[in-house]
Amino acid sequence: MNQDEHIDEMWQQFHSIPEPAFKEVKTAALAAKILQQAGYEVTSGVGGTGVIGILDSHEPGPVVGLRSDMDCLIFTENYKEIGIHACGHDAHMSIVLTVAEMLAKNGIKSGKVKIVMQPAEEIGRGARTLLSTGVIDDIDYLLGLHLMPKELAASGQIVAQIHWTACTLLEAEISGQTAHGSMPNLGINAIDIGCSIINTINAIHMNPLESWSVKPTRFQTGEGALNAICDSATLGFDLRTTKNSEMEILKAKVFNIVKKTSELYGAQAKIKLVGSCPGSEDDLDILELIKTAIIAEVGSTGLILERTTTVGEDLNFYYQFRPKLKTGFIGLGCNLTPGLHDRNMHFNHKDLIHGVNVLYSLVNSLLKFEKE
Ligand SMILES: [Zn+2]
Ligand SMILES: [Zn+2]
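What counts, and at which threshold
Residues numbered from 1 in each chain as written. Chains lettered and ligands numbered in written order. Predicted model: local features only at pLDDT ≥ 70, side-chain atom pairs only at ≥ 80, totals over all residues. Helix = DSSP H or I, 4+ residues; strand = E, 2+ residues; numbered from the N terminus. Buried ≥ 20, exposed ≤ 12 C-beta atoms within 10 Å, placed from the backbone. Contact = placed C-beta atoms within 7 Å. Pairing = 2+ DSSP bridges. Axes fitted to C-alpha atoms, helices over the stretch in contact; angles between N-to-C directions. Left-handed = near helix turned anticlockwise from the far one by under 90°. Nonpolar A, V, L, I, M, F, W, Y, C, P; charged D, E, K, R; others polar. Core = buried A, V, L, I, M, F, W, Y, C linked by C-beta atoms within 7 Å. Domains from an automatic or database assignment.

The next thing to look at is the overall build of the protein chain. Looking only at helices and strands, the protein chain features 9 helices and 14 strands. Seen through its C-alpha atoms, the protein chain measures out along the principal axes to roughly 80 × 45 × 40 Å. Expressed as a percentage of its 372 residues, the buried residues of the protein chain come to 45%. For the protein chain, the share of sequence-separated contacts (at least 6 apart) that also reach a separation of at least 24 residues comes to 79%.

Have a look at this one:
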């Protein structure tokens, strides 16, 4: 069996057992088995379903981490929930574990390799859970990859640096005052307040030189009688910015608008942060090594220096909570269509080997890399 067939066979195995966030039980068991068979010291059940594999040279040197996400997405078909690997995490696992096997087979001469199989990327909680267990603390360099949609990188192209967007999800609950529909003067209509909030939020003006967006994604209200003033509304918002500092400004503006608009009408507002994911901060320390590894694999015409995506990625929590950790995250072009998170997502499997070769060469370069 050649390397292409080997990766594809592993992909088939992971693809056939899709499991969502924190339920990656069969997936984790398969990953642990592959690592054990390759000769890694394996710990399972880390932060729930995470798996850590260690390969130790017993010589001084850095600890190089290689991270893959493991969870799938849930779709509803014929009123039934089904899991599908529509974000390519099955491909990431196959690539990372194939690299792990190659490192064990060919041996490492210095430092340690730590394979990090991370749960729950899709709900933005897996990275934080692993951070809280301390398993990331001794890692000096953390590498990973994501399949790229065709529009960002085609087959045979690899992105050296991905700028991930900061995302925040907010939910606001407005409490007004009900009254008979004939006496609106005695009530506080939560529908009016919700509409005012949305209109004001749409009038936010942030720095036009920075990319950002905020939009309402939920407006639930009007559960009372048709002839009564509506007293409650729930609004949801999706906020995205390319810079973490801009996110703080945008969030403050949305909080302020919800609170002040509700006050203006005499209503109460509760606003809560449902989820957030920081954007990536530029990490230039190992960028030259990444570029060299990509050129060696796909030539200079295959190298894409950087891409900005409006998608979030929870690996950015590693940068946020361990600022000294050096990270390298490549984007693998593989003619992926129609897009990530599409249940019909498919890609050119022959490109997976490029991801394997680039990560393998990067781990080896970093194990020899001098820290300042
Ligand atoms: Zn995803
Ligand atoms: Zn993903």
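This part is about the environment of Pro278. Checked against the element boundaries, Pro278 lands in the loop between β12 (268–277) and α7 (287–298). With 29 residues separating them along the chain, Pro278 and Ile249 place their C-alpha atoms 14 Å apart. Not counting chain neighbours up to four residues away, the residues in contact with Pro278 comprise Ala166, Asn244, Asn316, Phe317 and Gln320.

Turning our attention to the pairing of strand β14 (residues 326–336). For β14, the buried fraction is high: 10 of the 11 residues fall into the buried class. Where strand β7 (residues 141–149) and β14 come together, 9 bridges link them in parallel fashion. Bridge pairing in β14 links Leu147 to Leu332. Relative to β14, strand β8 (residues 158–164) is paired through 2 bridges, and the arrangement is antiparallel. Bridge pairing in β14 links Val159 to Gly331.

The strand order β10-β11-β9-β12 describes an open sheet built from 4 strands, whose pairing is antiparallel. In the strand order of this sheet, the two ends are held by β10 (212–221) and β12, each with one partner. Strand-to-strand twist in this sheet, taken as the mean axis angle between neighbours without regard to direction, amounts to 20°. Strand direction decides the pairing type here: strand β9 (residues 166–175) and β12, joined by 9 bridges, are antiparallel. Looking across to β12, one finds that Ala172 is bridged to Ile271. With respect to the sheet, helix α5 (residues 190–201) is in contact with β9, β10 and β11 (232–241), its orientation differing from that of β11 by roughly 15°. Relative to the sheet, helix α6 (residues 244–265) contacts β9, β10, β11 and β12, its axis offset from that of β11 by approximately 160°.

Taking strand neighbours across the sheet as the criterion, the 8 strands line up as β1-β2-β6-β3-β7-β14-β8-β13 in an open arrangement whose pairing is mixed. Looking at the sheet topology across the chains shown, the edges are occupied by β1 (41–46) and β13 (303–309). The average angle at which neighbouring strand axes cross in this sheet is 25°, direction not considered. Examined bridge by bridge, strand β3 (residues 63–69) and β7 share 3 bridges and lie parallel to one another. Considered in β7, the bridge of Leu66 is made with Leu143. Contacting β1, β2 (50–56) and β6 (112–118), helix α2 (residues 25–38) crosses the sheet at an angle of about 170° to β1.

Okay, the packing of α5 against α6 next. Close contact between α5 and α6 brings their axes to 9 Å; oriented N to C, the two are set at 145°. For the element pair α5 and α6, the recorded crossing hand is right-handed. Contacts between α5 and α6 involve Asp192, Ile193, Ser196, Ile197, Thr200 and Ile201 from the first element and Val254, Ile257, Val258, Thr261, Ser262 and Tyr265 from the second. Looking at the contact of α5 with α6 residue by residue, the class counts come to 7 nonpolar, 4 polar and 1 charged.

On to the environment of Tyr360. Structurally, Tyr360 can be placed in helix α9 (residues 352–368). Tyr360 gets classed as buried once you count the C-beta atoms within 10 Å, which come to 21. Spatially, the C-alpha atom of Tyr360 lies 11 Å from that of Ala104, the residues being 256 residues apart in sequence. Other than its neighbours up to four places away in sequence, Tyr360 contacts Val99, Met102 and Leu103.

Further remarks concern the nonpolar core. Core analysis: the largest hydrophobic core is formed by 69 residues, its most contacted members being Leu66, Val99, Ile115, Leu359 and Val363. The greatest single-element share of this core, amounting to 9 residues, is contributed by α9. Filtering out sequence-adjacent residues up to four positions away, Leu359 remains in contact with Leu66, Ile95, Val99, Leu143 and Leu145.

Turning next to unusual backbone geometry. For residues besides glycine, phi is generally negative; the peptide bonds are generally trans as well. With an omega dihedral of -15°, the bond running from Thr337 to Pro338 counts as a cis peptide bond. Of note, Pro338 is situated in the loop between β14 and α9. In this structure, Asn78 is a non-glycine residue whose phi angle is positive, near 50°. Along the polypeptide, Asn78 turns up in the loop between β4 (73–77) and β5 (80–84). Non-glycine residue Asn335 carries a positive phi angle of around 50°. Within the fold, Asn335 resides in strand β14.

On domain assignment, one finds that the protein chain holds domain 1 (3–164 + 279–368) and domain 2 (166–277). One C-alpha centre belongs to domain 1, the other to domain 2, and the line joining them spans 37 Å. Between domain 1 and domain 2, the contact holds 8 residues from the first and 9 residues from the second. Residues belonging to the side of domain 1 that touches domain 2 are distributed by class as follows: no nonpolar, 7 polar and 1 charged.

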